[in-house]
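Examination of the molecular architecture
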Amino acid sequence: NEKSISDLVIELNAQATSGFDRFYDARRIKSGNELGLFSFIGEEQLAIQGLSDITDVIWLGLDIPSAGMYVLNFENSISDTPLYLTDHLTGEVIDLSTTASYSFTSASNTIAAKRFSIGRGSNILSVDDEMEELGYRWYFDDSELVILAREELENATISVHDIRGKLLIHATGV
């Protein structure tokens, strides 16, 4: 039963920006078929990410060498900032002020690019909340997705994407 560890540091520093800063950010160095945890600036994978503030979602990725159970452990030293981890595969949202770890399973040789994100609580809404705010309701009928809209939204366009951003459905005049 082999244990693998990979560290990621996200640090707040007033001089850091949301772009790559050579004094505050460090690129990830991939080493063979090993466990790897990283954040992103664009498509660039980072081992250390410096930010002046957490205003946007921080996307996390993992290289997973073998199938099994994995645990993400968190140390949140920013006590006045409520942070939430979202698992975009399962839809779970974890309050990092009350939970210091999150367990999940994964298949072998998986690159879980942008499976997880960290953000402030005020920036996180569920799909249900967002759709209701826009005047939509949705449900599954057997294997079909049914989307209902308010009358005044009848000429709207709807796009449905999977968690990797792939377009699944695009409909106009709905």
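This structure is a prediction, so every number in the text was calculated from the model and none was measured.

1. Notes on the confidence of the model for the protein
Mean pLDDT over the protein stands at 78; residues scoring 70 or higher make up 71%. Of all helices and strands in the protein, the one with the weakest mean pLDDT is helix 1 (residues 127-133) (62), whereas strand 2 (residues 26-27) scores best (94).

2. Here's the deal with the packing of aromatic side chains
For the structure on display, the rule yields five aromatic pairs. Residues phenylalanine 38 and phenylalanine 40 carry aromatic rings whose centres are separated by 5.3 Å and whose planes lie at 75° to one another, so their mutual orientation is edge-to-face. Just as phenylalanine 38 is buried, phenylalanine 40 falls in that class too. Ring centres 6.0 Å apart and planes at 25° place the aromatic pair tyrosine 70 and phenylalanine 104 in the stacked group. Of this pair, tyrosine 70 sits in strand 6 (residues 68-73) while phenylalanine 104 is found in strand 9 (residues 101-106), placing the two residues 34 residues apart along the sequence. You can call tyrosine 70 buried: its relative accessible area is 14%. Aromatic ring contacts, followed pair by pair, group Tyr70, Tyr102, Phe104 and Phe116 into a single cluster.

3. Some words on the side chain of serine 39
By the element assignment, serine 39 lies in strand 3 (residues 36-41). Residue classification places serine 39 among the buried positions, given a relative accessible area of 0%. Beyond its immediate chain neighbours, meaning those up to four positions away, serine 39 contacts Leu8, Glu44, Gln45, Leu46, Gln49, Ile58, Trp59 and Leu60.

Thresholds, definitions, all that
- Residues numbered from 1 in each chain as written.
- Predicted model: local features only at pLDDT ≥ 70, side-chain atom pairs only at ≥ 80, totals over all residues.
- Heavy atoms only, no water.
- pLDDT = per-residue confidence, 0-100.
- Helix = DSSP H or I, 4+ residues; strand = E, 2+ residues; numbered from the N terminus.
- Phe/Tyr/Trp six-rings, centres within 6.5 Å; stacked < 30°, edge-to-face > 60°.
- Buried < 20%, exposed > 50% of the residue type's maximum accessible area, 1.4 Å probe, protein only.
- Contact = heavy atoms within 4.5 Å.

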